[in-house]
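Chain by chain, the residues run as shown.
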Amino acid sequence: MESKRCFANRFDDYQGSLLAGQCKEAVAPLVTATIDRILKELPQFGGSGESKGAAARESCCQGGLYSGVAGVAYMLYHVSQCPLFAPSRERYLRLAKKLIDACTRAEEWGEPDADTRAAFLLGGAGVYAVAALVYHALGRPDYVQPLGKFRELCTICAPVSFLECGSDELFVGRAGYLCAALVLKQKLSLEILTPAQIKSICQAILESGKQYATKKRKPFPLMYSYYGTEYLGAAHGLSSILQMLLSYHEHLQPADRELVWQSVDFLMEQEQNCNWPPELGEMIERENELVHWCHGAPGIAYLFAKAYLVSKKPQYLDTCIRCGELTWRKGLLKKGPGICHGVAGSAYVFLLLYRLTGNSKYIYRAQRFAEFLFTEEFKAGSRVLESIYSLYEGFSGTVCFLIDLLQPGEAEFPLFSV
Ligand code: GSH
């Protein structure tokens, strides 16, 4: 059913065969054309901001991985790692280096912003992490320099309340810092933080959650807020904080591990018809329901995927599957092609479910969502983008999705490994 937030999904569901037209030959030109379109937007490459000079180039670095050019650098890195794009690998990595170097310079020489220095998606930690990935992919031994800068940020986020807005969520808080370390570990096969550092960050997250839950008399063990709101979803909420604690569960004391599992189960109980409200205690209004990665099932699914992988308990996989069913019905979003609150973000849930179940139905569903991105209905009926190149709201995340659709066995929501 069409609504103000999503297009009607009129596609037939999986009948046993995948779409034939989405092979490398068909997708590669779309990827290349979308990358060219993104690069044309950037002042660094003669795009629309070029005439405004250095100021425009600097402002492009603002917004970190979420909306700044650091996110474009990550997308180019991701494409360069796909064997199908091997002939363009060096070019994409050189472009990525140019962008991420501008961002690291801005971190070091720009106005120091105490609130975003250790931030993953909105600040310094994310920039240094992507710089390390790009340098490493280029075979440069000095990739250890941004890694060192990343490591130094650990002390900033150690105090329980290091940020007034909330110290634990994914974009600027400790869950983000842990998430970045996880991405680096996975992609560089390197333990970036010492066990003592990991333990101290996890302890601070646990302490902060216990303090908040006690102070606000919550009937469950761990809770958090961001700018005064008790979010549940992946963007700023409980689910991605718990996801990170589960990702480092071997560093937790048994009693704390138990608190994390209780909180996971508590969050599971907040489900309303395959979805979760943005805030704790809200009732979902059907006509205004958010089915986004940032708020709702398409982002919370990753917590339950992690819970399933760690515990092997089928109820977590079942919950994840229900997230996928809702996303199939209501995930053709009108907000654009992005991964935060757009069609590619929805489709990533199917790639997650494919990895968890091996069921080709999910590849088919992801293919249908990819197809929809290039229809007239989507182009005419979706919102005009604020930023074409943003990794989360614009086309850079869409490019990552198209690449992952070509290699679904390795697909992963950008920078959010389960
Ligand atoms: N400025 C954004 C864009 O250009 O894409 C749109 C803002 C947006 O959609 N924000 C998300 C959301 O769920 C959270 S990151 N907003 C609340 C709503 O749609 O009601």
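Residues numbered from 1 in each chain as written. Predicted model: local features only at pLDDT ≥ 70, side-chain atom pairs only at ≥ 80, totals over all residues. Heavy atoms only, no water.

A. Main features of the overall build of the protein chain. Along the protein chain, the regular secondary structure elements total 17 helices and 0 strands. A globule of 418 residues ought to have a C-alpha radius of gyration of about 22 Å, and the protein chain, at 20 Å, matches this closely. When its C-alpha atoms are laid out on the principal axes, the protein chain stretches across 55 × 55 × 35 Å. For the protein chain, the residues scored as buried account for 59% of the 418 residues in total. Sequence separation of at least 24 residues holds for 69% of the intrachain contacts in the protein chain that already meet a minimum separation of 6. (Helix = DSSP H or I, 4+ residues; strand = E, 2+ residues; numbered from the N terminus. Rg over C-alpha atoms; globule rule 2.2 N^0.38 Å. Buried < 20%, exposed > 50% of the residue type's maximum accessible area, 1.4 Å probe, protein only. Contact = heavy atoms within 4.5 Å.)

B. Representation of unusual backbone geometry in the model. Despite not being glycine, Tyr227 shows a phi value in the positive range, around 45°. Relative to the assigned elements, Tyr227 resides in the loop between helix H9 (195-215) and helix H10 (238-247). Overall, Tyr227 belongs to the exposed group, its relative accessible area being 59%. A positive phi angle, close to 70°, is found at Cys274, a residue other than glycine. Among the residues examined, Cys274 registers a relative accessible area of 15% and is labelled buried.

C. Highlighting the packing of helix H1 (residues 24-41) against helix H17 (residues 395-406). With their axes 10 Å apart at the nearest point, H1 and H17 run at an angle of 160° to one another. Considering the angle they form, H1 stands roughly antiparallel to H17. Our pair here, H1 against H17, has a crossing hand that is left-handed. Between H1 and H17, the contacting residues are Lys24, Val27, Val31, Thr34, Ile35, Arg37 and Ile38 on the first element and Phe395, Ser396, Val399, Leu402, Ile403 and Leu406 on the second. A breakdown of the residues in the contact of H1 with H17 according to their chemical character gives 9 nonpolar, 2 polar and 2 charged. (Axes fitted to C-alpha atoms, helices over the stretch in contact; angles between N-to-C directions. Parallel < 35°, antiparallel > 145°, perpendicular 65-115°, else oblique. Left-handed = near helix turned anticlockwise from the far one by under 90°. Nonpolar A, V, L, I, M, F, W, Y, C, P; charged D, E, K, R; others polar.)

D. Looking closely at the site of the ligand. Surrounding the ligand, one finds Arg5, Tyr66, Leu290, His292, Cys294, His295, Lys335, Cys340, His341, Arg383, Glu386 and Glu393. In the environment of the ligand, an oxygen atom lies 3.1 Å from a nitrogen or oxygen atom belonging to the side chain of His292. Within the side chain of Lys335, a nitrogen or oxygen atom sits 2.4 Å from an oxygen atom of the ligand. Isolated, the ligand exposes 510 Å² of accessible area, and the fraction of that covered by the protein chains is 71%. Partitioning the shell around the ligand into residue classes produces 4 nonpolar, 3 polar and 5 charged. (Near = heavy atom within 4 Å. Polar contact = N/O pair within 3.5 Å; in protein donor to acceptor, adjacent residues only side chain to side chain. Areas by Shrake-Rupley, 256 points an atom, 1.4 Å probe, with all protein chains shown as cover.)

E. The arrangement of the pattern of salt bridges in detail. Using the criterion set out here, one finds 16 salt bridges in the structure. Taking the shortest distance from any N to any O, the salt bridge between Glu377 and Arg10 comes out at 2.8 Å. Taken as a pair, Glu377 in helix H16 (residues 376-381) and Arg10 in the segment before H1 lie far apart in primary sequence, 367 residues in all. As a salt-bridge pair, Glu271 and Arg322 come within 2.7 Å of each other at their nearest N and O atoms. Here Arg322 lies in helix H13 (residues 314-330) and Glu271 lies in the loop between helix H11 (254-269) and helix H12 (297-311), a separation of 51 residues in the sequence. Sharing partners across several salt bridges, the network here consists of Asp13, Glu325, Lys361 and Arg365. (Salt bridge = Lys/Arg side-chain N within 4 Å of Asp/Glu carboxyl O.)

F. Main features of the side chain of Ser382. Relative to the helices and strands, Ser382 resides in the loop between H16 and H17. Taking relative accessible area as the criterion, Ser382 reaches 15% and is therefore assigned buried. A polar atom in the side chain of Ser382 sits 2.8 Å from the backbone oxygen of Phe378.

G. Inspection of the packing of aromatic side chains at higher detail. Scanning the model with the defined rule gives 27 aromatic pairs in all. Relative to Phe350, the ring of Trp328 lies with its centre 6.1 Å away and its plane at 75°, an arrangement referred to as edge-to-face. With Trp328 in helix H13 and Phe350 in helix H14 (residues 343-357), this pair connects stretches of sequence that are 22 residues apart. Given the relative accessible area of 8%, Trp328 is considered buried. Grouping aromatic residues by their ring pairs yields a cluster made of Tyr66, Phe171, Trp293, Tyr302, Tyr348, Tyr392, Phe401, Phe413 and Phe416. We note Arg140 situated over the ring of Tyr135; from NZ or CZ to the ring centre the distance is 5.0 Å. Between the NZ or CZ atom of Lys334 and the centre of the ring of Phe7, over which it lies, the distance is 5.6 Å. (Phe/Tyr/Trp six-rings, centres within 6.5 Å; stacked < 30°, edge-to-face > 60°. Lys NZ or Arg CZ within 6 Å of the ring centre and 35° of its normal.)

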